[in-house]
Amino acid sequence: LSSMTYAGNATSEAWATINGSAFHRNAGRYQVAPTGGAQTAQVNLAGNDFEVTLFVISMTGVHQTVPIGTAVTSTTSTQTPSVTVASVGADDLVVDLVYGGDGMDATSAPGANQTERDEEVIGGNFGGISTQAGADGGVMSWTLNAAPNDGVGLGGVAFKPAGAAAAAVGFGP
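The rules behind each value
Residues numbered from 1 in each chain as written. Predicted model: local features only at pLDDT ≥ 70, side-chain atom pairs only at ≥ 80, totals over all residues. Heavy atoms only, no water. Helix = DSSP H or I, 4+ residues; strand = E, 2+ residues; numbered from the N terminus. Buried < 20%, exposed > 50% of the residue type's maximum accessible area, 1.4 Å probe, protein only. Contact = heavy atoms within 4.5 Å. Areas by Shrake-Rupley, 256 points an atom, 1.4 Å probe, with all protein chains shown as cover. Salt bridge = Lys/Arg side-chain N within 4 Å of Asp/Glu carboxyl O. Pairing = 2+ DSSP bridges. Axes fitted to C-alpha atoms, helices over the stretch in contact; angles between N-to-C directions.

### Considering the overall build of the chain
- Secondary structure assignment for the chain yields zero helices and 15 strands.
- For the chain, the proportion of its 173 residues judged to be buried stands at 40%.
- Considering only contacts in the chain between residues 6 or more positions apart, those separated by 24 or more positions represent 76%.
- Of the roughly 7800 Å² that the chain leaves accessible, carbon and sulfur atoms contribute 51%.

Here it is as C-alpha cells:
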C-alpha cells in the first residue's frame, strides 16, 4: 500500500505489516475530520499486489487532536491471532483488522466482546474488521477456519473520544 485517500484527502498510517509472502499485507489508516456523506476511498498499491480487501469505518465523537492510541500488530501462522491494545479507556472504541493468506473462508470469527463489521474472502484470502467497546479491555482476537498457508496479520488501535464515547456509525468494504 503506497497511499490511501478518502474523499480525495490523504490518510495517516496507524500500522502496516507484511505477513507471510511480500504480497500479503495488513494496514490500518485513519483520517481526522473526514468529509461527511458518501465518499470514495481509493488505495494506491505498490508492486504486484493483486488481492485486496478494503474496509472503511466512520465514527463520530473522535478526539480531533489525539484521535488514536498506540497501534499494535501481530504476524503469525496460527489459526488464533491475537493482539492486546494497551492504554484503552472505557469510552474508547477499539478497531481491528485481520488478513490471512491462502486457505481461508468466511467461517472465521472475531473473539469475545467483538462485533464483526465486515469480512471478505478473495482468492482464498480472508479479511475481516471488528470493533470492541473500550470497557471490554482491548484484547482483539480471531478464530480462523484453517491455519493460513501464507501467514496472517492482525492490527488494532483504540480511537479516543472527544468528551463522550466514540461510536461506530458506518462501515463497509
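### Regarding the pattern of salt bridges
- One pass over the structure, following the stated rule, counts two salt bridges.
- Among the salt bridges present, the one from Asp92 reaches Lys160, with a minimum N-O distance of 2.6 Å. Here Lys160 lies in the loop between β14 (152-159) and β15 (167-172) and Asp92 lies in the loop between β8 (82-84) and β9 (93-100), a separation of 68 residues in the sequence. Of the two residues, Asp92 and Lys160, both sit in the buried class.

### Focus on the pairing of strand β1 (residues 3-6)
- Where β1 lies against strand β5 (residues 41-44), four bridges are found, and the strand directions are antiparallel. Across the sheet, the residue bridging to Ser3 is Asn44, located in β5.
- In terms of strand pairing, β1 meets strand β2 (residues 9-10) through two bridges, oriented antiparallel. The partner of Thr5 across the bridge, within β2, is Ala10.
- The antiparallel pairing of β1 with β2 creates a hairpin that spans two residues between the two strands, and Ala7 there sits at a positive phi of about 55°.

### Overview of the sheet that holds strand β10 (residues 109-110)
- Pairing within the open sheet is antiparallel, and its three strands lie in the order β8-β13-β10. The sheet is open, and its two borders are formed by β8 and β10, each paired with just one other strand.

### Quick word on the sheet that holds β9
- Spatially, the five strands line up as an open sheet ordered β7-β14-β9-β12-β11, and their pairing is antiparallel. With partners counted over all chains shown, the strands left at the sheet margins are β7 (72-76) and β11 (115-122), one partner each. Ignoring strand direction, the axes of neighbouring strands in this sheet form an average angle of 10°.
- Of the strand pairs in this sheet, β9 and strand β12 (residues 125-133) are connected by eight bridges, and their pairing is antiparallel. The partner of Leu97 across the bridge, within β12, is Ile129.

Everything listed here is a matter of coordinates, which is why it stays silent on function.
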